[in-house]
Amino acid sequence: MDLKRNSAVTNENDLALDVVEILGKCRNLSDSANIEGSNLHEEMERLKSQFYSAVNTKKESADSESLKILADLEAQFKEIYAAYKSDRKVRIEDMEKVKEENYAAKLQIIEELKTLLEKAEDVTHTFPEFRDLQNRWKSIDAVPAAKARNLWETYQHYVEKFYDYIKINNEFRDIDFKKNLEAKTLLCEKAEALANEANVVNAFKELQKLHESWKELGPVAKEYREAIWGRFKAITSEINRKHQQYFEQLKIAQKKNLEDKEILCLKAEEIAQANPDSSGEWNKLSKKMDALQAQWKNVGFAAKKDNQKIYDRFRVACDAFYKAKREYYNNFKNVMSENLKIKEQLCEKAESLVESKDWKKATDQFIALQKQWKEVGPVARKQSDAVWKRFRAACDTFFDNKSRHMDAEDVKYEENLALKESLIAEVKEYQICDAKEKNIGAMREFQNRWNAIGFVPFKEKERVQKEFNEAMDAHFADIRSLDSEKKLNKFRRMVIEVKNSGKGDRGLKFEREKLLLKYRKMEQDIATLENNMGFFAKSKNADSMISDLEKKIAVAREELARIEEKINIIDSQFE
């Protein structure tokens, strides 16, 4: 696992992959000839929204080359969409023209039906003509919606007059009435089945098709007309009521979504108006803005007339914040460049004092230089280690020379060495018990006793300090391990619970991002501790201060390892 891997700028193919896919769907959809009989227009509008949402998302992290690619794809989409709109307009106009022709044809059938009623010929002659008119009526497709109802009622009126007033053969009439009753009963059954359909919108659409079929059927016997129509009308009312309730509830939900998104906009705008003056504050605000964006994704759509407006408002606040953040860090790079120049000057001053034998004066000068170093701000990471090592090397060389000079003058160092070696042996013999506080108290006492012992010969200093640190670190590791495994087991159970809950992979990914941020913060803290430790290299009472810093670094590295273990536990759930 590469925990230090940063998100690289995607290449051209990766950047445009989902955008190109949507573009291809739009191109295929625009070639469809079926306008009215499908949801083509709704699908095209949905793809349009997806396309611009994907393009805007890609633009946030795209470099200049990728922005050119996205601009070209956007131009292609606009060309496809414009062609689609133009073609759709022409097709709709053609269909409306056909509907008008269908309307004229059905008016002609009604006129022929009137003529048939006026003939009053024998039923054996009129009924076949009547049946032919019915078949012709059914074969003609849709008419303009505004004229459909009146046209159908007029047609139905003359059909019923034909059955009621023309003295047709009872056998023909009864057979036709029976067939119509059976067909209308089947339509009632289909409509009643739609009442249990979970998707009320689909149920409503299917009901409209059943009504069209109903209109095409002839009448039934008088004694059944009211009952069969009442049955069909009742189930129609129920489905219409559910359809109306669905959209009323949808309207309430969309209003609530709009209110929630307005609150998120206010919070985003407040963050965008902030003016942090430190990297830490920018990071805190970035986490808040990321959290708002995650919440936004979980809020449903607002009404169509409001949805794009509220999204644009939120997007403006987010863009303003990230633009200000980029400007801050661009300026921060210039500041770090100036800091590098100052630190290089401090290195030159330190190097000029390395060979000085005026121990007191040079020591004061080195302390002053170290103080100035701490007051200088950070430099770029790739240059930080090199300039720090250069400065530290000059300090170490001087203080090494000074220590060797002081070693020759102080015979007590050998006695201190014996005391520290005896204390190291005592530390190694100490047995860790189950009482954590007792163990910590013993470690604290060992550390205080160690600090109370004076300097040792310079050549032995690093060895005894290392042995003492290793002995203490071994005990501290054992103390911390008493709790660490329990905590890891608890974390494993928590991960499994999240994996099996409604949050699923999304919850685990969110937890992993938090751990990764904590891991990187811990890395920065360790680097700071290591830098600080160099300032006390050869100063008075340096041993105790360095020892404390080394312990803090060791504890931090153990915590770093535990965080890494937790991330590995989460990653195992995706394998």
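Right above here is the structure, for reference.
Summarised in this report is the structure supplied together with it.

Reading the values: rules and limits
Residues numbered from 1 in each chain as written. Predicted model: local features only at pLDDT ≥ 70, side-chain atom pairs only at ≥ 80, totals over all residues. Heavy atoms only, no water. Phe/Tyr/Trp six-rings, centres within 6.5 Å; stacked < 30°, edge-to-face > 60°. Helix = DSSP H or I, 4+ residues; strand = E, 2+ residues; numbered from the N terminus. Buried < 20%, exposed > 50% of the residue type's maximum accessible area, 1.4 Å probe, protein only. Axes fitted to C-alpha atoms, helices over the stretch in contact; angles between N-to-C directions. Parallel < 35°, antiparallel > 145°, perpendicular 65-115°, else oblique. Left-handed = near helix turned anticlockwise from the far one by under 90°. Contact = heavy atoms within 4.5 Å. Core = buried A, V, L, I, M, F, W, Y, C linked by side-chain atoms within 4.5 Å. Expected span 1.5 Å × (residues − 1). Arc of directions from axis to C-beta. Nonpolar A, V, L, I, M, F, W, Y, C, P; charged D, E, K, R; others polar. Salt bridge = Lys/Arg side-chain N within 4 Å of Asp/Glu carboxyl O.

### Looking at the packing of aromatic side chains
Argument step 1. Under the counting rule described, the total for this entry stands at 22 aromatic pairs.
Argument step 2. Between tryptophan 229 and phenylalanine 232, the aromatic rings sit 6.2 Å apart at their centres with planes inclined by 45 degrees, giving tilted as the arrangement. Remark: phenylalanine 232 and tryptophan 229 occur in helix α8 (residues 222–273); sequence separation between them is 3 residues, near one turn of the helix.
Argument step 3. You can call phenylalanine 232 buried: its relative accessible area is 0%.
Argument step 4. Among the aromatic residues, those joined into a ring-pair cluster are Phe51, Tyr52, Phe77, Tyr81 and Tyr84.

### What to know about the packing of helix α7 (residues 200–216) against α8
Argument step 1. Where α7 meets α8, the closest approach of the two axes is 9 Å, and the angle between their N-to-C directions is 150 degrees. The angle between α7 and α8 places the two elements in the roughly antiparallel class. Pair α7 / α8 crosses with left-handed handedness. Contacts between α7 and α8 involve Val200, Val201, Ala203, Phe204, Leu207, Leu210, His211 and Trp214 on the former and, on the latter, Ile228, Trp229, Phe232, Thr236, Ile239, Asn240, Lys242, His243, Tyr246 and Phe247.

### Let's talk about the nonpolar core
Grouped burial of nonpolar side chains is what soluble globular proteins tend to show.
Argument step 1. Ranked by size, the top nonpolar core spans 21 residues in total, and within it Phe491, Val495, Leu515, Ile526 and Ile570 carry the most contacts.
Argument step 2. Contributions of two or more residues to this core are made by α15 (458–500), α16 (504–534) and α17 (542–572).
Argument step 3. Not counting chain neighbours up to four residues away, the residues in contact with valine 495 comprise Leu508, Ile569, Ile570 and Gln573.

### Quick look at helix α2 (residues 40–61)
Argument step 1. Helix length check: α2, at 22 residues, gives a terminal C-alpha distance of 32 Å against a target of 32 Å (1.5 Å per residue), a fit within 8%.
Argument step 2. Where α2 is concerned, the buried positions are Leu40, Met44, Leu47, Phe51, Ala54 and Val55. For α2, the buried positions fall inside an angular range of 100 degrees around the axis, keeping them on one side.

### Focus: the packing of helix α13 (residues 412–429) against helix α14 (residues 436–452)
Argument step 1. Look at α13 against α14: their axes get within 10 Å of each other, and the N-to-C directions meet at 170 degrees. With respect to α14, the axis of α13 lies roughly antiparallel. Taking contact as the criterion, the partners of Lys420, Leu423, Ile424, Glu426 and Val427 in α13 are, on α14, Phe446, Arg449 and Trp450.
Argument step 2. Classifying every residue of the contact of α13 with α14 by side-chain character gives 5 nonpolar, no polar and 3 charged.

### Here we look at the pattern of salt bridges
Argument step 1. Counted under the stated rule, the structure contains 29 salt bridges.
Argument step 2. With a shortest N-O distance of 3.4 Å, glutamate 111 and lysine 114 are connected by a salt bridge. With glutamate 111 and lysine 114 both in helix α3 (residues 64–119) and 3 residues apart, this pair spans about one turn of that helix.
Argument step 3. Residue classification places glutamate 111 among the partly exposed residues on the basis of a relative accessible area of 41%.
Argument step 4. Between lysine 360 and aspartate 364 there is a salt bridge, and its shortest N-O distance comes to 2.7 Å. With lysine 360 and aspartate 364 both in helix α11 (residues 359–375), this residue pair falls 4 residues apart, about one helical turn.
Argument step 5. The exposure class assigned to lysine 360 is exposed, which follows from its relative accessible area of 59%.

### Here we look at the environment of leucine 529
Argument step 1. If you trace the backbone, leucine 529 turns up in helix α16.
Argument step 2. Look at leucine 529 and you get buried, because its relative accessible area is 17%.
Argument step 3. Measuring from C-alpha to C-alpha, the distance between leucine 529 and leucine 549 comes to 6.5 Å, with 20 residues separating the pair along the chain.
Argument step 4. Ignoring sequence-local partners within four residues, the contact set of leucine 529 consists of Leu549, Lys552 and Ile553.

Read these as geometric descriptors, not functional statements.
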